[in-house]
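The lines below spell out each chain.
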Amino acid sequence: MKAYLSRRYRLSASHRLHNEAYSSAENRAVYGKCNNPHGHGHNYVVEITVSGPVDPLTGMVCNLAELDGFVRRVIGERFDHKNLNQDSAFEQKVPTTENLCIEIYKIVKIGFAHVMLECVRVEETSNNFFEYSEMAPRLLER
Ligand code: NI
């Protein structure tokens, strides 16, 4: 038996999409306005989905307070109200929301390892969001 728990968090950060491997013209062509030298901000919505059996004692998949604490301490401290371009994870990688999503996934998978991490979804705007998972798609699992 397996149940899923998803929790939503908010994160505000800035970034500039720029790749040193490209010329200025190429950067502008690839990233458009997102290559603006002063960067821009997003109010990201980060959704973390974990899974596992329902603990017969607590009736829960995972302790929500523990997950909240971990996310606030580790993800929040690191990325909230920060310039993503200055984070060590993005020294060699462009801080696109795809890459931010993968980074958050890696941090949760390693740091909050007592539950199964199913998926991390990061909403950048109301029109686009990104998802990353190393698990089999849920529909195929059933
Ligand atoms: Ni952006």
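Since we're looking at a predicted model, the values are computed, not measured. (Residues numbered from 1 in each chain as written. Predicted model: local features only at pLDDT ≥ 70, side-chain atom pairs only at ≥ 80, totals over all residues. Heavy atoms only, no water.)

Caption draft 1: Seen up close, unusual backbone geometry. Phi is positive for His81, close to 55°, though the residue is something other than glycine. As for its position among the elements, His81 is in the loop between helix H2 (64-79) and strand E3 (82-83). A relative accessible area of 63% places His81 in the exposed class. (Helix = DSSP H or I, 4+ residues; strand = E, 2+ residues; numbered from the N terminus. Buried < 20%, exposed > 50% of the residue type's maximum accessible area, 1.4 Å probe, protein only.)

Caption draft 2: Highlighting the side chain of Thr49. Here Thr49 is to be found in strand E2 (residues 40-52). Among the polar contacts listed, one links the side chain of Thr49 to the side chain of Ser6, at a separation of 2.6 Å. (Polar contact = N/O pair within 3.5 Å; in protein donor to acceptor, adjacent residues only side chain to side chain.)

Caption draft 3: Highlighting the coordination of the nickel ion. For the nickel ion, every protein donor is listed as His15 (NE2), His40 (NE2) and His42 (NE2), and the spread of their distances is 2.0 to 2.1 Å. We note that the donor set of the nickel ion lies within a single chain, spaced as H-x24-H-x1-H. Placement of His15 in strand E1 (residues 3-15) and of His40 in strand E2 is noted, with a sequence separation of 25 residues between them. Exposure remark for His15: the relative accessible area of 2% places this residue in the buried category. (Donors = N, O, S within 2.8 Å, 3.2 Å for Na, K, Ca; no water.)

Caption draft 4: Fine view of the pattern of salt bridges. Counting across every chain of the model gives eight salt bridges. Asp87 is the salt-bridge partner of Arg78, the closest N and O atoms lying 2.7 Å from each other. (Salt bridge = Lys/Arg side-chain N within 4 Å of Asp/Glu carboxyl O.)

Caption draft 5: Representation of H2. At Arg72, H2 shows its largest kink, close to 30°. The complete set of buried residues in H2 reads Leu67, Asp68, Gly69, Phe70, Val71, Ile75 and Phe79. On its buried face, H2 sits against E1, E2, E3 and helix H3 (97-111). Two or three places before Ala65, at the start of H2, stands the capping residue Asn63, its side-chain oxygen 2.9 Å from that residue's backbone nitrogen. Remark: His81 follows H2 within two positions and exhibits a positive phi of approximately 55°. (Bend = angle between axes of the 7 residues up to and from the residue. Contact = heavy atoms within 4.5 Å.)

Caption draft 6: Focus on the sheet that holds E1. What the five strands build is an open sheet, ordered E3-E1-E2-E4-E5; its pairing is mixed. The sheet is open, and its two borders are formed by E3 and strand E5 (128-132), each paired with just one other strand. The pairing of E1 with E2 spans 13 bridges and is classified as antiparallel. From the neighbouring strand, His15 faces E2, where its bridge partner is His40. Most of the contacts of H2 go to E1, to which it runs at about 20°, and overall it touches E1, E2 and E3. Sitting on the sheet, H3 is in contact with E1, E2, strand E4 (116-125) and E5, with an inclination near 150° to E4. (Pairing = 2+ DSSP bridges. Axes fitted to C-alpha atoms, helices over the stretch in contact; angles between N-to-C directions.)

Caption draft 7: Broad picture of the pairing of E2. Burial analysis of E2 places ten of its 13 residues in the buried class, which makes it a mostly covered element. Across seven bridges, the pairing between E2 and E4 is antiparallel. Residue pairing for E4: Glu47 is matched across the bridge by Arg121.

Caption draft 8: Here's a closer look at the packing of H2 against H3. Two numbers describe how H2 lies on H3: the axes approach to 11 Å, and their chain directions differ by 145°. Relative to H3, the crossing made by H2 is right-handed. Where H2 abuts H3, its residues Phe70, Val74, Ile75, Arg78 and Phe79 lie against Leu100, Glu103, Ile104, Ile107, Val108 and Gly111. Residues of the contact of H2 with H3, tallied by class, amount to eight nonpolar, one polar and two charged. (Left-handed = near helix turned anticlockwise from the far one by under 90°. Nonpolar A, V, L, I, M, F, W, Y, C, P; charged D, E, K, R; others polar.)

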